[in-house]
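Structural description and commentary
What follows is the residue order along each chain.
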Amino acid sequence: AFLAPRGGGGGGSLDKLGYAWDQTDAHVQVYIPLPNVRREDVDCAFESDGFACRVVSEEGVPHQLTIRPLFGPIAPATCKVRLPRSRSQLVLRLGKAEGGGEGAWPTLRAAARG
């Protein structure tokens, strides 16, 4: 199931912190600036059309980033969460799904429909 925001007020969207992304033909990497975050404070869920990550900051404040729908499909089983040694950012590696996701994506998010 996709991550739903958990109770207890406060917190907010990781969108406000900003993020960057890049890609190869096979993967998309999303970089979220989060100083001093610990791996045990990160909870991510991946589905074929998007992902959600919930992170509790050093101060104990929960934040969430949900990007759905993505420009193309991903293969959830190949997605990974990395926290580099610098602990200055969270890196999400999304495997592009075969049969529609590969190749260059012009944007991370799909255009809004309707």
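Residues numbered from 1 in each chain as written. Predicted model: local features only at pLDDT ≥ 70, side-chain atom pairs only at ≥ 80, totals over all residues. Heavy atoms only, no water.

So, the pattern of salt bridges
- Considering all chains together, one arrives at four salt bridges under this definition.
- With a shortest N-O distance of 2.8 Å, Arg68 and Glu47 are connected by a salt bridge. You can see Arg68 sitting in the loop between β6 (62–67) and β7 (80–82) and its partner Glu47 sitting in strand β4 (residues 42–47), a full 21 residues away along the chain.
- A relative accessible area of 40% means that Arg68 is categorised as partly exposed. (Salt bridge = Lys/Arg side-chain N within 4 Å of Asp/Glu carboxyl O. Helix = DSSP H or I, 4+ residues; strand = E, 2+ residues; numbered from the N terminus. Buried < 20%, exposed > 50% of the residue type's maximum accessible area, 1.4 Å probe, protein only.)

Digging into the sheet that holds strand β8 (residues 89–95)
- Overall, antiparallel pairing links the four strands, which are arranged β2-β3-β8-β7 in an open sheet. Either end of the sheet is taken by a strand with one partner, and the two such strands are β2 (20–23) and β7. If you compare each strand with its neighbour and ignore which way they point, the axes differ by 20° on average.
- The pairing of β2 with strand β3 (residues 27–33) spans four bridges and is classified as antiparallel. (Pairing = 2+ DSSP bridges. Axes fitted to C-alpha atoms, helices over the stretch in contact; angles between N-to-C directions.)

Section: the packing of aromatic side chains
- Inspection of the entire model under this criterion finds two aromatic pairs.
- Seen in terms of ring centroids, Phe46 and Phe51 are 6.4 Å apart; in terms of plane orientation they differ by 40°. Their pairing is tilted.
- Using a relative accessible area of 0% as the deciding quantity, one classes Phe51 as buried.
- Residues Phe71 and Trp105 carry aromatic rings whose centres are separated by 6.1 Å and whose planes lie at 50° to one another, so their mutual orientation is tilted. Here Trp105 lies in the segment after β8 and Phe71 lies in the loop between β6 and β7, a separation of 34 residues in the sequence.
- Using a relative accessible area of 39% as the deciding quantity, one classes Phe71 as partly exposed. (Phe/Tyr/Trp six-rings, centres within 6.5 Å; stacked < 30°, edge-to-face > 60°.)

Some remarks on the pairing of β4
- In the sheet, β4 pairs with strand β5 (residues 50–56) via six bridges, with the strands oriented antiparallel. Note that in β5 the partner of Glu47 across the bridge is Gly50.
- In this antiparallel pair of consecutive strands, β4 and β5, the connection spans two residues.

Details of the pairing of β6
- Along β6, five of the six residues are buried, which leaves the element largely enclosed by surrounding structure.
- Pairing analysis gives six bridges linking β5 to β6, with the strands arranged antiparallel. Each residue of the ladder has a partner; that of Phe51, found in β6, is Ile67.
- Two successive antiparallel strands, β5 and β6, enclose a turn made up of five residues, where Gly60 displays a positive phi of approximately 85°.

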